[in-house]
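Summary of the model geometry
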Amino acid sequence: MWSIDHPEALWALALAVLPLFWHGQRTLAHGWLPGVPPDAASRALALMLRVTGALTVAAAVCALAGLHRQGSAVERVGTGAHIVITLDRSASMSDGFAGRGAQQGDEPKGRAAARLLEDFVAERPRDLFGMVSFSTAPVHGLTLTGDQDAVRAAVRASAAPGVGLTNVAAGLTMALEQFRDKPLTGSRVVLLVSDGAAQIDARAQNQIRRLFAENRSALYWIFLRTAGGRGPSDPPDPEQGFDPAPEYFLNEYFRDLGVSYRLYEADTPDALARAIADVSRLQNQPLRYFETPPREDLAGLCLAIALAGSLLLLLARSLEVSAWSR
């Protein structure tokens, strides 16, 4: 499908008609033209030069107008999933698994997650990936796409130090919105990677529950557990004075969503790698999707045509004679 960026420049195409009527070639006086024998080759050459001039002008105008070709959507069939990576970017993700500020040899949880998720994406070339990060507020990183380079770049960017608090509800809501108005052609997964949680009010709980039901998405939660800390699977123990943790109640809420749900707890980078590898094995169902190829910019080709035409006209100009030879 052909298209242009600057349609107003097409008015200049009218200039391409001028070389057909005003050739600009030198004329030489002759005493008696009927005495000149007809020369079909010269007439053909003169017509070719006029057409070359018109094409040169038209090519230059098309380059200025930003001529390009946009490919139509192509249906692809494979195996995989639609996966929205929902990554915690709160300040605690800058700490190591030992529960302190990252020191030499102590890889921050956020950086470890980004490194392993990038490998996870590279190993699933047939999946469509989206990217959402969240702390106090969610940030839309990337809509569902099969562009592996873009997805890996978005994952790498998430390794920067985090700030703010852990607003899981906002992150999940934005992640689930990625599936809105998308055809259900394969398995859908929200991959939540977080080292903490926060209380979700009743209104947000109902909204998330509704979105999961509408989008038929599975939920996998990889909880980055601080060494010696409590996790989602640890119930409150009043006898030992353990207060109820938000992660525990969030896990109970996820289990009650009525969707496919799995919890992984990782307290080391190796445990995180095993959790991501397990997720990679779970979702490999038939997948049907449409892929739109990137646009093909034709401005460069038009400029090359205009340059070639200009050089040809300059060569013809240099070969013109200024007087009749005897």
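A short tour of the structure in this document, coming up. Not measured: the values here are computed from a predicted model. (Residues numbered from 1 in each chain as written. Predicted model: local features only at pLDDT ≥ 70, side-chain atom pairs only at ≥ 80, totals over all residues. Heavy atoms only, no water.)

Some details on the environment of Asp147
- With respect to the element layout, Asp147 can be found in the loop between strand E5 (138–145) and helix H4 (148–157).
- Spatially, the C-alpha atoms of Asp147 and Asp127 are 9.6 Å apart, while their sequence positions differ by 20 residues. (Helix = DSSP H or I, 4+ residues; strand = E, 2+ residues; numbered from the N terminus.)

Observations concerning the pattern of salt bridges
- A complete count under the given rule lists nine salt bridges for this structure.
- Two residues, Asp195 and Lys109, come together in a salt bridge whose shortest N-O distance is 3.0 Å. Of this pair, Asp195 sits in the loop between strand E6 (187–194) and helix H6 (202–215) while Lys109 sits in helix H3 (residues 109–122); the two residues are 86 residues apart in sequence, bridging distant segments of the chain.
- Overall, the relative accessible area of 2% leaves Lys109 in the buried class.
- In this structure, the salt-bridge partner of Asp127 is Arg124, at a minimum N-O distance of 2.2 Å. The pair formed by Asp127 and Arg124 is uniform in burial state, with each residue classed as buried. (Salt bridge = Lys/Arg side-chain N within 4 Å of Asp/Glu carboxyl O. Buried < 20%, exposed > 50% of the residue type's maximum accessible area, 1.4 Å probe, protein only.)

Section: the sheet that holds strand E10 (residues 296–297)
- Reading across from one edge, E1-E2-E10 is the order of the three strands in this open sheet, with antiparallel pairing throughout. Single-partner strands in this sheet number two, and they are strand E1 (2–3) and E10. (Pairing = 2+ DSSP bridges.)

A closer look at the pairing of E6
- Counting buried positions over the eight residues of E6 gives eight, a clear majority of the element.
- Side-chain alternation along E6 places Ser187, Val189, Leu191 and Val193 on one buried face and Arg188, Val190, Leu192 and Ser194 on a second face that is also buried.
- Taken together, the six bridges between E6 and strand E7 (residues 218–224) define a ladder with parallel strand orientation. Each bridged residue has a counterpart across the sheet, and for Val189 the counterpart in E7 is Ala218.
- Of the crossover connections in this fold, the one passing from E6 over H6 to the parallel E7 is right-handed. (Right-handed = clockwise from strand over helix to strand, strands pointing away.)

Section: unusual backbone geometry
- Phi is positive for Arg216, which is not a glycine, with a value near 55°.
- In this structure, Arg216 sits in the loop between H6 and E7.

Overview of the nonpolar core
- Judged by nonpolar contacts, the single largest core of 32 residues is most densely connected at Leu117, Phe120, Leu191, Ile222 and Leu272.
- Only strand E3 (74–88), H3, strand E4 (128–134), H4, E6, E7, strand E8 (261–266) and helix H8 (269–282) provide two or more residues apiece to this core.
- Top element by residues in this core is H3. It accounts for seven residues.
- The residues contacting Phe120, other than those within four sequence positions of it, are Ile83, Phe129, Leu191, Ile276, Val279 and Ser280.
- Counting 27 residues, the second largest nonpolar core, distinct from the first, contains Val168, Phe179, Val190 and Ile208. (Core = buried A, V, L, I, M, F, W, Y, C linked by side-chain atoms within 4.5 Å. Contact = heavy atoms within 4.5 Å.)

Details of a nonpolar patch on the surface
- Side chains of Val17, Leu20, Phe21, Leu47, Val51 and Leu55 sit close together on the surface and give an oily, nonpolar patch of about 590 Å² of accessible area.
- For the nonpolar patch, the elements supplying multiple residues, two or more each, are helix H1 (18–21) and helix H2 (40–65).
- Looking at the nonpolar patch element by element, the count peaks at three residues for H2.
- Structurally, Leu47 can be placed in helix H2.
- Residue Leu47 is classed as exposed on the basis of its relative accessible area of 53%. (Patch = residues over 30% accessible without salt bridge, like charges linked within 9 Å, V, L, I, M, F, W, Y side chains within 5 Å. Areas by Shrake-Rupley, 256 points an atom, 1.4 Å probe, with all protein chains shown as cover.)

A short note on the packing of H3 against H4
- Contact geometry of H3 with H4 gives a least axis separation of 9 Å together with a crossing angle of 170°. Here H4 runs roughly antiparallel to H3, going by the angle between their axes. Every residue of H4 that contacts H3 at Ala114, Leu117, Glu118, Val121 and Ala122 is listed here: Gln148, Val151, Arg152, Val155 and Arg156.
- Class assignment for the residues of the contact of H3 with H4 results in six nonpolar, one polar and three charged. (Axes fitted to C-alpha atoms, helices over the stretch in contact; angles between N-to-C directions. Parallel < 35°, antiparallel > 145°, perpendicular 65-115°, else oblique. Nonpolar A, V, L, I, M, F, W, Y, C, P; charged D, E, K, R; others polar.)

Points about H4
- Of the residues making up H4, those classed as buried are Gln148, Val151, Ala154 and Val155. Angularly, the buried residues of H4 cover 130° about the axis, an arc narrow enough to put them on a single face. In H4, the exposed residues that point more than 90 degrees away from the buried face are Asp149 and Ala157.
- Two or three places before Asp149, at the opening of H4, Asp147 has a side-chain oxygen 3.2 Å from that residue's backbone nitrogen. (Arc of directions from axis to C-beta. Polar contact = N/O pair within 3.5 Å; in protein donor to acceptor, adjacent residues only side chain to side chain.)

Considering the packing of aromatic side chains
- Enumeration over the complete set of coordinates arrives at six aromatic pairs.
- Ring centres of Phe120 and Phe129 lie 5.9 Å apart, and the angle between their planes is 80°; on these two criteria the pair is classed as edge-to-face. Side by side, Phe120 and Phe129 carry an identical accessibility label, which is buried.
- Pairing Tyr248 with Phe249 gives two aromatic rings, centres 5.4 Å apart and planes at 75°, and the pair type is edge-to-face.
- In this structure Phe249 comes out as partly exposed when scored by relative accessible area, which is 46%.
- A connected cluster of aromatic rings, assembled from ring pairs, spans Trp221, Phe223, Tyr253, Phe254 and Tyr261.
- Positioned above the aromatic ring of Trp2, the side-chain terminus of Arg69 is 5.3 Å from the ring centre. (Phe/Tyr/Trp six-rings, centres within 6.5 Å; stacked < 30°, edge-to-face > 60°. Lys NZ or Arg CZ within 6 Å of the ring centre and 35° of its normal.)

Remarks on H6
- Between its first and last C-alpha atoms H6 spans 20 Å; for 14 residues at 1.5 Å apiece the expected length is 20 Å, and the two agree.
- Taken together, the buried positions of H6 are occupied by Ala204, Ile208, Leu211, Phe212 and Asn215. All buried residues of H6 lie within an arc of 100° about the axis, which places them on one face of the element. Exposed positions of H6 whose direction lies more than 90 degrees from the buried face are Ala202, Arg203, Asn206 and Ala213.
- Buried positions along H6 lie against helix H5 (168–177), E6, E7 and helix H7 (246–255).
- The N-capping residue of H6, defined by a side-chain oxygen 3.2 Å from the backbone nitrogen of Arg203, is Asp201. (Expected span 1.5 Å × (residues − 1).)

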